[in-house]
Amino acid sequence: MSTNQIIVCGTGIVGLAAALGLARQQEKVLLLGPRKPPEPAQADVYFPRVYALSSESKQFLERLGVWDLLDFSRVTPVESMQVYGDASGYVDLRAWQAVQPEMAWIIESSEIERVLHQGVKMFGVSWHDDRFQSLTAHSVKTESGRQLEAALVIGADGADSPVRAAAGISGTSKPYGQMGVVTHLTAERPHGHAAVQWFTSDSVLALLPMPDTADGPQVSMVWSMSNDRAQALLALPQAERQARLELDLLAATEGALGRLTVRSGVFAFPLFLERSSMVAPGVALAGDAAHRVHPLAGQGLNLGLGDVAQLLGILKARPQWCSPGQISLLRRYRRVRAEPVMAMSLVTDGLFRLFASHSAPMVVVRNLGMRLVDRMPFIKRQLIVGASGERSRERGRDLK
Ligand SMILES: Cc1cc2nc3c(=O)[nH]c(=O)nc-3n(C[C@H](O)[C@H](O)[C@H](O)COP(=O)(O)OP(=O)(O)OC[C@H]3O[C@@H](n4cnc5c(N)ncnc54)[C@H](O)[C@@H]3O)c2cc1C
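This write-up is about the structure you can find in this document. (Residues numbered from 1 in each chain as written. Predicted model: local features only at pLDDT ≥ 70, side-chain atom pairs only at ≥ 80, totals over all residues. Heavy atoms only, no water.)

### A look at the overall build of the chain
Item 1. When its secondary structure is counted, the chain shows eleven helices and 21 strands.
Item 2. Here the C-alpha atoms of the chain give a radius of gyration of 22 Å, agreeing with the 21 Å that 2.2 N^0.38 yields for 400 residues.
Item 3. Oriented by its inertia axes, the alpha-carbon framework of the chain measures out at about 65 × 50 × 40 Å.
Item 4. Across the 400 residues in the chain, those meeting the buried criterion constitute 51%.
Item 5. The contacts in the chain between residues at least 6 apart in sequence include a share of 73% that link residues at least 24 apart.
Item 6. Averaging the locations of the 42 positively and 38 negatively charged side chains of the chain gives two centres separated by 7 Å. (Helix = DSSP H or I, 4+ residues; strand = E, 2+ residues; numbered from the N terminus. Rg over C-alpha atoms; globule rule 2.2 N^0.38 Å. Buried < 20%, exposed > 50% of the residue type's maximum accessible area, 1.4 Å probe, protein only. Contact = heavy atoms within 4.5 Å. Lys, Arg positive; Asp, Glu negative; His and termini not counted. Charge placed at Lys NZ, Arg CZ, Asp CG, Glu CD.)

In structure tokens:
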């Protein structure tokens, strides 16, 4: 094989970040996937999908040179997080308790994509507006019939990953029987840059702070609820759906932010716990192609960006003579990603199960546990550090 070319399949945030990072490292990179530049943003109109980006993800986007290209009038720092249990459980986490100015940033997916599009354009990354179809030894076939040489194929092609299937990479998949229902809301009261979450035995509601609009304070809703409840909600005519949701929100939040009014479309995404073995000869997966977690901790994309950051580091450190698709490098990538992916899967799945239990002793234990945590500054500090994705840096500091 003569080529050193790396093909990144998938043009979502993870694929774009991988292609840009590789171009910055002077790798020969080709991006394969649909080319859909995000629509220009309009004042007071927000893209329905937003992400809570951790400090680690922010630093990674800084290293890629795109963080400063964001329109900061559309980015909201999260300074505190309040979590309510289903009885009297309550945890109040504030960034200053861990000597940090922010815990995360709420950003529309379209805004992250916009700056990554700019980055790959500035770095002259070749982009084939086509789709991956199949793999042969050292090459990729596209849906339009082109054959492209590759020493390494990075599958960043999302949860249904055709690359994963073609490479025969094994994995496990567990549906949660829930959907994440998302929309943006106008609140009566200011959100104070707080992310608030309500855990109940049959749903997890998160309200994330967003920029104020002419209509008032704005929050983004991610409500993980049973498939039946989500489908029943989505099946209602628009006006009824809106009225139902607003009533349910008032009850779930006990009016914490006053009346909440739906201000955008309502969308729902099925939720899964998925893991894979991430690599095969000449193939590495990243992002949702490699793993999916419950969105209750808002960490799926952060994990995907972590994959890319680690893979870039491993490829950069390889000797000049070494092919980017060498299996020893890919195994190293799998090893370094195993712990963070497993840890996030366990935490999110553990919390999901803890709150899914209807047994009376479990209800007491989980709410008592939350109240205890709320009184323990050390544990709270660890939670804040974990929520902002700073665990590894923190560990480094502790060792000094
Ligand atoms: C309700 C909900 C809320 C969430 N909130 C958060 C949050 O707050 N914070 C967070 O970090 N994460 C969050 N997540 C997780 C996050 O949405 C995902 O982890 C992230 O979008 C994955 O990005 P990706 O680039 O890996 O995949 P995708 O965004 O799915 O991109 C895959 C890309 O591959 C392309 N593709 C598909 N097939 C082919 C093919 N054959 N050839 C070429 N290209 C192809 C697609 O067109 C697409 O561009 C949330 C998830 C849900 C469901």
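### So, the packing of aromatic side chains
Item 1. Going through the model one piece at a time under the given rule, you end up with four aromatic pairs.
Item 2. Consider the rings of Tyr84 and Trp198, whose centres lie 5.7 Å apart with planes at 10°: the pair is stacked. Linking Tyr84 in strand S5 (residues 80–84) with Trp198 in strand S14 (residues 194–199), this pair joins segments that are 114 residues apart in sequence.
Item 3. When its relative accessible area of 8% is taken as the criterion, Trp198 is described as buried.
Item 4. These aromatic residues form a ring-pair network of at least three members: Trp67, Phe72 and Trp105.
Item 5. The side chain of Arg49 reaches across the aromatic face of Phe269, ending 3.8 Å from its centre.
Item 6. Here Arg74 stacks its cationic end above the ring of Tyr46, 4.3 Å away from the centre of that ring. (Phe/Tyr/Trp six-rings, centres within 6.5 Å; stacked < 30°, edge-to-face > 60°. Lys NZ or Arg CZ within 6 Å of the ring centre and 35° of its normal.)

### A few points about the site of the ligand
Item 1. Among the 29 residues in the neighbourhood of the ligand, the closest are listed as Arg49, Phe132, Asp288, Gly298 and Leu301.
Item 2. Within the backbone of Phe132, an N or O atom sits 2.8 Å from a nitrogen atom of the ligand.
Item 3. For the ligand, an oxygen atom lies 3.0 Å from a polar atom in the backbone of Asn302.
Item 4. Of all elements in the fold, only helix H1 (13–24), strand S3 (50–53), strand S18 (267–276) and helix H7 (300–316) reach the threshold of two or more residues within the shell around the ligand.
Item 5. Looking at which element gives the most residues to the shell around the ligand, the answer is H7, with three residues. (Near = heavy atom within 4 Å. Polar contact = N/O pair within 3.5 Å; in protein donor to acceptor, adjacent residues only side chain to side chain.)

### Some words on the packing of H1 against H7
Item 1. Running from N to C, H1 and H7 cross one another at 20°; their axes reach a closest spacing of 10 Å. It follows from the interaxial angle that H1 and H7 lie roughly parallel. By crossing handedness, the relation of H1 to H7 is classed as right-handed. Of the residues in H7, those in contact with Ile13, Val14, Ala17, Ala18, Gly21 and Leu22 of H1 are Leu301, Gly304, Leu305, Val308, Leu312 and Leu315. (Axes fitted to C-alpha atoms, helices over the stretch in contact; angles between N-to-C directions. Parallel < 35°, antiparallel > 145°, perpendicular 65-115°, else oblique. Left-handed = near helix turned anticlockwise from the far one by under 90°.)

### Section: H7
Item 1. Given a rise of 1.5 Å per residue, 17 residues ought to cover 24 Å, and the 25 Å separating the end C-alpha atoms of H7 matches this to within 8%.
Item 2. Where burial is concerned, most of H7 is hidden: twelve out of the 17 residues are buried.
Item 3. Among the residues of H7, Leu301, Asn302, Leu303, Gly304, Leu305, Gly306, Asp307, Val308, Leu311, Leu312, Ile314 and Leu315 are the ones counted as buried. (Expected span 1.5 Å × (residues − 1).)

### Considerations on the sheet that holds strand S4 (residues 76–78)
Item 1. Pairing is antiparallel across the open sheet formed by three strands, whose spatial order is S3-S7-S4. Edge positions in the sheet fall to S3 and S4, since each has one partner strand and no second. Ignoring strand direction, the axes of neighbouring strands in this sheet form an average angle of 25°.
Item 2. Where S4 and strand S7 (residues 104–108) come together, three bridges link them in antiparallel fashion. (Pairing = 2+ DSSP bridges.)

### Considering the packing of H7 against helix H8 (residues 327–356)
Item 1. Running from N to C, H7 and H8 point in directions that differ by 155°, and their axes come no closer than 10 Å. Here H8 runs roughly antiparallel to H7, going by the angle between their axes. Pair H7 / H8 crosses with right-handed handedness. Every residue of H8 that contacts H7 at Leu303, Gly306, Asp307, Gln310, Leu311, Ile314 and Leu315 is listed here: Leu329, Arg332, Tyr333, Val336, Arg337, Pro340, Val341 and Met344.
Item 2. The residue makeup of the contact of H7 with H8, split by class, is ten nonpolar, two polar and three charged. (Nonpolar A, V, L, I, M, F, W, Y, C, P; charged D, E, K, R; others polar.)

### Observations concerning the side chain of His117
Item 1. Along the chain, His117 falls in helix H3 (residues 109–122).
Item 2. Note on His117: relative accessible area 13%, which makes it buried.
Item 3. Among residues more than four places away in sequence, those in contact with His117 are Leu16, Lys36, Pro37, Pro38 and Trp127.

### A look at unusual backbone geometry
Item 1. Within the chain, His138 stands out as a residue other than glycine whose phi angle is a positive 60°.
Item 2. Here His138 shows up in the loop between strand S9 (132–136) and strand S10 (139–142).
Item 3. Here His138 falls in the partly exposed class, since its relative accessible area comes to 44%.
Item 4. Unusually for a residue other than glycine, Met278 sits at a positive phi of about 65°.

### Focus on a positive patch on the surface
Item 1. Taken together, the side chains of Arg331, Arg332, Arg334 and Arg335 make up a positively charged region of the molecular surface.
Item 2. Mapped onto the secondary structure, Arg335 falls in helix H8.
Item 3. Residue classification places Arg335 among the exposed positions, given a relative accessible area of 58%. (Patch = residues over 30% accessible without salt bridge, like charges linked within 9 Å, V, L, I, M, F, W, Y side chains within 5 Å. Areas by Shrake-Rupley, 256 points an atom, 1.4 Å probe, with all protein chains shown as cover. Salt bridge = Lys/Arg side-chain N within 4 Å of Asp/Glu carboxyl O.)

### Points about the pattern of salt bridges
Where charged atoms from two side chains of opposite charge come close, those side chains can pair.
Item 1. Within the structure shown, the criterion is met by 13 salt bridges.
Item 2. Here Glu62 makes a salt bridge to Lys58, at a shortest N to O gap of 3.0 Å. One end of the pair is Glu62 and the other is Lys58, both in helix H2 (residues 55–63) and four residues apart, which spans about a single turn.
Item 3. On the basis of relative accessibility, which here comes to 37%, the residue Glu62 falls in the partly exposed class.
Item 4. When the shortest N-O distance is used, the salt bridge between Arg292 and Glu274 registers 3.1 Å. Of this pair, Arg292 sits in strand S21 (residues 291–292) while Glu274 sits in strand S18, placing them 18 residues apart in sequence. No difference in accessibility class separates Arg292 from Glu274, as the two residues are buried.
Item 5. What you see here is one network of salt bridges that share partners, running through Arg229, Arg244 and Asp248.

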